[in-house]
Amino acid sequence: MRADVPSYELRAPANLPNALALLSQEPGAWQPFAGGTDLMVLLEAGKLAHTRFVSLTKLPELRGIEVTPDAVTIGAMTTYTEIRHHPLLQAEFSLLCAAARETGGIATQNRGTLGGNIVNASPAADSPPALLVYDAELELLSARGSRRLPYHGFHTGYKKMLLAPDELVGRIRLPRRAAPWRQYYRKVGTRKAQAISKVCFAGAARMEGGAIRDIRLALGSVAPIVVRAVKTEEALRATRLTTETATVAKEALAREISPIDDIRSTARYRLRVAQNLLEEFLQQLAR
């Protein structure tokens, strides 16, 4: 073994109670991991600071997709491949399926999980904008019990979230909508596949009589966390789609996001692309 490689300790509990018990005994000492796709990148780069890990791969309680008349509940260990091929998700939650298709290559989609994408807390992650648009709810599990909270507000800052050191994300609940919504997803990156997004945009709207009855907008890679553009939604809700409406909405969006210059892009480019994607979505709604 190379001298500069730290020593890592791995536990693989046989069931969920054992995993939660381990986390509760030493809160913060053990870091759970799912598919490990993000951890491997850090390991290869020599930036994997944590050394004690809990594998969740043997926990069937965290897998699977359950459909009820009111909601779809997705286990946190469900992979992108399982999501993108699920018939009901394709029919009703196409933004999430599109995000799953855009996440890495086939190997990453077979291994990576929805829960891991959430807890990794990258502002450039592909699935969180879709989850925000769908008003997702998270179920958090610990040895103390379970609690639910809206996904909107879960991320409080860069790599920060409302997750206690002894908790796991167990399931993601997506409420089903009775009325049809028009949906739109775009990821803009250096290339079409296997690229971190420069801007990721997800939108859904319910139209009635030529006006926007309700709307949800969310963006990635434009702030320290994935952004739900609430003020822009307010500017569009109950309005008819005109050139003036689009201009007002783009101005509102510019006030809600805070893109930066980095190795992948510039703040100016990200702002322009985000506004262009919003305009493209509104043009589709007007057809």
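As shown above, the structure is provided for reference.
Calculation notes
- Residues numbered from 1 in each chain as written.
- Predicted model: local features only at pLDDT ≥ 70, side-chain atom pairs only at ≥ 80, totals over all residues.
- Heavy atoms only, no water.
- Phe/Tyr/Trp six-rings, centres within 6.5 Å; stacked < 30°, edge-to-face > 60°.
- Helix = DSSP H or I, 4+ residues; strand = E, 2+ residues; numbered from the N terminus.
- Buried < 20%, exposed > 50% of the residue type's maximum accessible area, 1.4 Å probe, protein only.
- Lys NZ or Arg CZ within 6 Å of the ring centre and 35° of its normal.
- 1 Å grid on protein atoms, 1.4 Å probe; cavity = no way out; pocket = protein on both sides within 12 Å on 5 of 7 lines; lining within 4 Å.
- Points joined across faces, edges and corners; volume = space filled by probe spheres on them.
- Pairing = 2+ DSSP bridges.
- Axes fitted to C-alpha atoms, helices over the stretch in contact; angles between N-to-C directions.
- Arc of directions from axis to C-beta.
- Contact = heavy atoms within 4.5 Å.
- Polar contact = N/O pair within 3.5 Å; in protein donor to acceptor, adjacent residues only side chain to side chain.
- Patch = residues over 30% accessible without salt bridge, like charges linked within 9 Å, V, L, I, M, F, W, Y side chains within 5 Å.
- Areas by Shrake-Rupley, 256 points an atom, 1.4 Å probe, with all protein chains shown as cover.
- Salt bridge = Lys/Arg side-chain N within 4 Å of Asp/Glu carboxyl O.

Peer 1: Let's hear about the packing of aromatic side chains: which residues, and what values?
Peer 2: If you walk through the whole model with that rule in mind, you get 7 aromatic pairs. Here the aromatic rings of Tyr184 and Phe201 are separated by 5.6 Å at their centres, their planes lie at 75°, and the arrangement is edge-to-face. One end of the pair, Tyr184, is in strand S11 (residues 182-188); the other, Phe201, is in strand S12 (residues 199-208), with 17 residues separating them in the sequence. By relative accessible area, Tyr184 is classed as buried at 4%. Through a chain of ring-to-ring contacts, three or more aromatic side chains come together here, namely Tyr8, Phe33 and Phe53. For Arg177, the ring lying beneath its charged end belongs to Trp181, and the centroid distance is 4.0 Å.

Peer 1: Describe the layout of surface pockets, naming the residues involved and giving the relevant values.
Peer 2: The probe, sized like a water molecule, is rolled over the atoms to show the empty space still left. Its boundaries defined by the atoms lining it, the largest pocket holds a volume of some 1,100 Å³. Taken together, 37 residues line the largest pocket, and the ones lying closest to its centre are Asp38, Asn120, Ser122, Ala124 and Ile196. The set of elements that each furnish at least two residues to the lining of the largest pocket consists of helix H2 (37-44) and helix H7 (114-120). Here the element with the most residues in the lining of the largest pocket is H2; it accounts for 4 residues.

Peer 1: Give a description of the pairing of strand S6 (residues 137-142) that names residues and reports values.
Peer 2: Among the 6 residues in S6, 5 count as buried, and that is most of the element. In this structure, S6 lies alongside strand S7 (residues 145-150), joined through 6 bridges in antiparallel fashion. In the strand pairing of S7, Ser142 is matched with Gly145. If you look at the hairpin formed by S6 and S7, you'll find 2 residues sitting between the two strands. Bridge count between S6 and strand S10 (residues 168-175): 5 bridges; the pairing is antiparallel. From the neighbouring strand, Glu137 faces S10, where its bridge partner is Arg173.

Peer 1: Could you give an account of the sheet that holds S10, naming the residues involved and the relevant values?
Peer 2: Read across the sheet, 5 strands follow the order S4-S5-S10-S6-S7 without closing on themselves; strand pairing throughout is antiparallel. Edge positions in the sheet fall to strand S4 (65-67) and S7, since each of these pairs with one other strand and no more. For this sheet the average axis-to-axis angle between neighbouring strands, irrespective of direction, equals 20°.

Peer 1: Explain helix H1 (residues 16-25) residue by residue, including any values.
Peer 2: When H1 is considered as a whole, its buried residues turn out to be Leu16, Ala19, Leu20, Leu22 and Leu23. One face of H1 carries all of its buried residues, which in axial projection span an arc of 155°. Opposite the packed face of H1, turned more than 90 degrees from it, sit the exposed residues Pro17 and Gln25. Buried residues belonging to H1 abut strand S1 (9-11), strand S2 (31-33), strand S3 (52-55), S6 and S10. At the N-terminal end of H1, a side-chain oxygen is found 2.9 Å from the backbone nitrogen of Asn18, two or three residues along, and the residue is Asn15.

Peer 1: How would you explain a nonpolar patch on the surface if you had to name every residue and give the values?
Peer 2: A surface patch of nonpolar side chains, about 260 Å² in accessible area, is lined by Tyr8, Met40 and Leu43. With respect to the helices, strands and loops of the structure, Leu43 is situated in helix H2.

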